[in-house]
Every structure is written in structure tokens, then in C-alpha cells.
Amino acid sequence: MKKFLKAILVLLLIFVAYILFKTFTFSSKQLEVQPVAKVSIPETSILRLTEALKIKTISHEDPANFDSTAFEAFNEFLKNSYPLIDSVLEHKTFNKYSHLFSWRGKDLTLKPIVLMGHIDVVPIASPEKWSVDPFGGIVKDGVILGRGTIDDKFSVIGILEAVEMLISEGAQPERTIYLAFGHDEEVGGEKGAVAIAKFLEHEGIQAEYVLDEGYAITQKLVPGVDPDVAFIGVAEKGSTTIELTVDMEGGHSSRPDPETAIDVLAKAVVKVKSNPSKGTVSEPMQGFINQIGPEMGFVNKMAFANLSIFKPLVLSTYESAGGAGNALIRTTTAPTIFNAGIKENIIPTQARALINFRIIPGETSEDVLNHVNQTVDDSRVKTRFFGFNSEPSPVSPVETSGYNTINKSIKEIFDGVLTAPNLVIAATDSRHFGAISTNIYRFVPYHINSENISTFHGIDERISVEDYENAIRFYRQLILNSKGQ
Ligand SMILES: [Zn+2]
């Protein structure tokens, strides 16, 4: 017995030693970069962003509400505000209001890069809750307010400002640089990004990398990490919607059958919702763990360094974080429409629900449909795909000159930030550029925190003047850094 206990103790010690060894050798992989001196940004740069914010380039769900005069005004704004870009860059429009600028590089043997953004914005749901006119182009106490500031006009204008500034300095890029600005990102991107990507594909363009929106510099949003963390999206989730319908005998509500169409459908939806797909550490998440794990305190670091042992714990931590945390580790389930009935005393003959799923890389919409059918397991519930469907994007590699250039440029402009790849849980226009490059990255240079995160598509959308100025510096630096290697 004593021998047995001894053996157990030895095994336990080996186990603990193994965990500690893995933890202490889980060392920082952060790129060491010296910050660069800040170039001065002219006052007029702020003015041009506020001018852009005043133009109501709203994408409405109903195409009948499309206001062409606003988008024409934006075309005019571009032409008048950036005379050097207008004279030096080639310019092509797509479906009148989406733009592709091409700035010819010195070395045409190098692959070009594509910097993306979108000029459309979402509508204002509750104008009375805004503290300022959402289209007033207001600057107050060092903050620029208005619909589109962070999504995504500061980025579009930031890129244009950087290019205009570089041309005025006499610069010409090493690689050809494409600026691709869609005008319908918020409603799917068919007329903008899709058309631009098709054109580039037709021209035989293969880009070294593509950079679009998707992630930003997070402040205190990663539990257990104190410094700011800039996430570079290396993949985005897919989206599919499944329609569930139940057709049954209806009748008068005074003599209901034990089960009606509503009952059967309600049970099915509850089953689907309470049996989500399995949690998983996707490839982008693994990249995040490799980069950020070593920067964490002992307990978190130990868990991340020994993922094979602590994976269930890590997954349950993300799951219980809810919302975005849960969305990072699995395909999410969101019932969005539930329809049945026309009168209070008639049992309907049909009930119908739509459930939207955001698919994690590694799974497909077909997997989702199979999972729904197996979970519901009731032949009275008919299922089918409904509407818009997109598979998760491929995962872009991080060992590329594109990723390194973005990574380095972030650290040169934003001193002391940590960087890491991650999975974007929403959709961006860059998903249409799969044929143009395997190296698609999603990052815009501004700080997001618990205070401003809800302003995204929300009330009092805003960016600090300082963030906007740094965005211009970032894009300038990125273009300068995008050389041949
Ligand atoms: Zn956006």
C-alpha cells in the first residue's frame, strides 16, 4: 500500500513539474519594435473627416430607400478633397458609387496590396438618443462624433489622408497599392466589394495582402491582460439561416389537440437553442493563445501553456463570458423570427421560425443543417436553408510578410500594445476577396473599450481626434513598410 501511494505521489510530482515546465517556457512571442516619431497631421485632415461624416451615405435594408444624391455627393467630395490622388492615382468606379484607386508601385514585379474600407453607414435607429446631430460632423472636446466615425469612414478617410500626404512628400510606393472602397458593405457588398474583387480577379491580380476592417485595439477587453491588445482578424465566421416549419391540423381554440403546430415548433426551437454545437479552439483562437498567453498572469498563463490539459476549463470560461466570448469558441445559435397565427381563437395550421447561425471555421452550413435535424429529431418539423448563406472564410496564415508588416506598423505607431491574430465574429467585405489573396487581414487602428463598444452601429458613435490622427499615421507607416522582402 505504501509503495502504491509513493508511486502515485511520484506521478503527481512529475505531472506538476510538467505543467510548471510548460508554463515557464511559454515565453513572449511579441515582436520587439521601436516606436517611430509621430508625423504632424494637418488640421484640414479633421475637417475632411467631418465633411465626409455629413454626407448621409446610408445603406437601407429596402433598396427603394437608397439616396443616390448622397452617394453622388460623396463622389464629389472624394474628387474635390484629394487633388493629388485625383491626379496621380488611376480611378475606377463600380456601380457608380464604389471606388477602386490604383497607385502604381516602383517595382511591378512585387505583388500589390489592397487597402479596403466602406463608405456606407447604417441608419440611425433612435435619433432622439444622440447627444448631437449624427450627420452634423461635430468635433467636441477632442472627440469626433457622427454615424460612420468608427464604421468605417475614419478608416477610408485615414487611408486617403495618408496617401495624399505621401504624394505631397514626393513618395511613390514600392508595391502597387489598391484602395478599394465599397458603398454597400452594410447590405452584403454585392455592388461594391463583390464587383471590385471580380474586376481584380479578371485582371489577374494576386495581392500580397488585403487589409480590411474587422478588429481594432482593445482596451481592458481581454480578461487577465492589462496592456492594450491589437487584434488582427485572420478569419471570419460564416453565416447561415435555417427555416423550420411545422404544418398541422389547426381548428378552434376551444378544443385544442394535445400538440399544435406552435407547440411542436416551440419545442424544436428550444431543443436547438439548448443544444449548441460543441465548443472548439479554432486555428485563429490558437494563434491568439500563442501570442497573448505568455503575457498573462500565472494562472491564465498556466492554462494556456497546457491547453491539452486545461482546454475544457478554457472553453467553459469563454462560454460563461457570454456574447462575444461564447461566439469565439463555437457556431452560435440565434432564433431571429418566430411566426404563427392570425387570430386569438384560431389554432394556426402552420408555424415557422428562422434561426441564424454564425459558423466557426472548421464547420460548414451543411454541418449546421445536419446538427439541427439530429437535434430536433421530429419528422413534423421541416428544415431548409433560408436566404443569404456564407461559409466561414479560410484562415489566413500569420507567417507572411503581410501579417508581419501590419504587426510591425501597429507597434511602431501604438507604443506598448500587444498584438495577436483572432477570429472576427461578424462579416466584412474582405470575405469577397478570397480569389485575390490568401493573406486577408482585418484590422482598423482605433481603440475600443467597454465605453465605446456599444456606439458601433449605435448611439453617439465617435472617435477621438488622437485616434483618428494615429490612424492616418498608421496607414502612412503601413504603406512605407510594405516593401519587397
Ligand atoms: Zn463596417
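One structure accompanies this document, and this report is about it. Predicted model, so just to flag it, every value in this text is computed and none were measured.

### Considerations on the overall build of the protein
No. 1: Counting its regular elements, the protein contains 14 helices and 19 strands.
No. 2: The globule rule puts the C-alpha radius of gyration for 485 residues at 23 Å, and the 26 Å found for the protein is close to it.
No. 3: Expressed along its principal axes, the backbone C-alpha trace of the protein runs to roughly 75 × 75 × 50 Å.
No. 4: Taking all 485 residues of the protein together, the buried fraction comes to 53%.
No. 5: In the protein, once contacts between residues fewer than 6 apart in sequence are set aside, the share between residues at least 24 apart is 82%.
No. 6: A total accessible area of about 22,500 Å² is found for the protein, and carbon and sulfur atoms account for 55% of it.
No. 7: Within the protein, the 59 negative side-chain charges are centred at a point lying 7 Å from the centre of the 46 positive side-chain charges.

### Structural notes on the nonpolar core
No. 1: Ile157, Leu179, Leu211 and Phe474 are the most contacted members of the largest nonpolar core, which has 62 residues in total.
No. 2: If one sorts the elements of this core by residue count, helix H5 (residues 149–168) sits on top with eleven residues.
No. 3: Setting aside residues no more than four positions away along its own chain, Leu179 makes contact with Leu89, His99, Leu100, Phe101, Leu115, Ile159, Leu160 and Val163.
No. 4: Ile19, Phe26, Ala303 and Phe304 belong to the second-largest nonpolar core, a separate cluster that totals 30 residues.

### Notes on the packing of aromatic side chains
No. 1: Enumeration according to the criterion identifies 15 aromatic pairs in this entry.
No. 2: Plain terms: the ring middles of Phe71 and Tyr97 are 5.8 Å apart, the flat faces sit at 45° to each other, and that makes the pair tilted. With a gap of 26 residues between them, Phe71 in helix H3 (residues 68–81) and Tyr97 in the loop between strand E1 (90–94) and strand E2 (98–103) connect regions that are remote in the sequence.
No. 3: Relative to Phe474, the ring of Phe443 has its centre 5.5 Å away and its plane inclined at 70°; by these criteria the two rings are edge-to-face. Remark: Phe474 occurs in helix H14 (residues 465–481) and Phe443 occurs in the loop between strand E17 (440–442) and strand E18 (447–448); sequence separation between them is 31 residues.

### Remarks on helix H12 (residues 365–376)
No. 1: Taking 1.5 Å per residue, twelve residues should reach 16 Å; H12 reaches 17 Å between its end C-alpha atoms and fits that length.
No. 2: Inspection of H12 places Ser365, Val368, Leu369, Val372, Thr375 and Val376 among the buried residues, and these make up the whole buried set. The buried residues of H12 occupy an angular sector of 135° when the element is viewed end-on, so they sit on one face.
No. 3: Positioned one or two residues after H12, Asp377 has a phi angle of 45°, which is positive.

### Description of the side chain of Thr50
No. 1: As for its position among the elements, Thr50 is in helix H2 (residues 43–54).
No. 2: On the accessibility criterion, Thr50 (4% relative accessible area) is buried.
No. 3: In this structure, Thr50 is in contact with Gly137, Val139 and Ile144, ignoring residues within four places of it in sequence.

Cut-off values and rules
Residues numbered from 1 in each chain as written. Predicted model: local features only at pLDDT ≥ 70, side-chain atom pairs only at ≥ 80, totals over all residues. Heavy atoms only, no water. Helix = DSSP H or I, 4+ residues; strand = E, 2+ residues; numbered from the N terminus. Rg over C-alpha atoms; globule rule 2.2 N^0.38 Å. Buried < 20%, exposed > 50% of the residue type's maximum accessible area, 1.4 Å probe, protein only. Contact = heavy atoms within 4.5 Å. Areas by Shrake-Rupley, 256 points an atom, 1.4 Å probe, with all protein chains shown as cover. Lys, Arg positive; Asp, Glu negative; His and termini not counted. Charge placed at Lys NZ, Arg CZ, Asp CG, Glu CD. Core = buried A, V, L, I, M, F, W, Y, C linked by side-chain atoms within 4.5 Å. Phe/Tyr/Trp six-rings, centres within 6.5 Å; stacked < 30°, edge-to-face > 60°. Expected span 1.5 Å × (residues − 1). Arc of directions from axis to C-beta.

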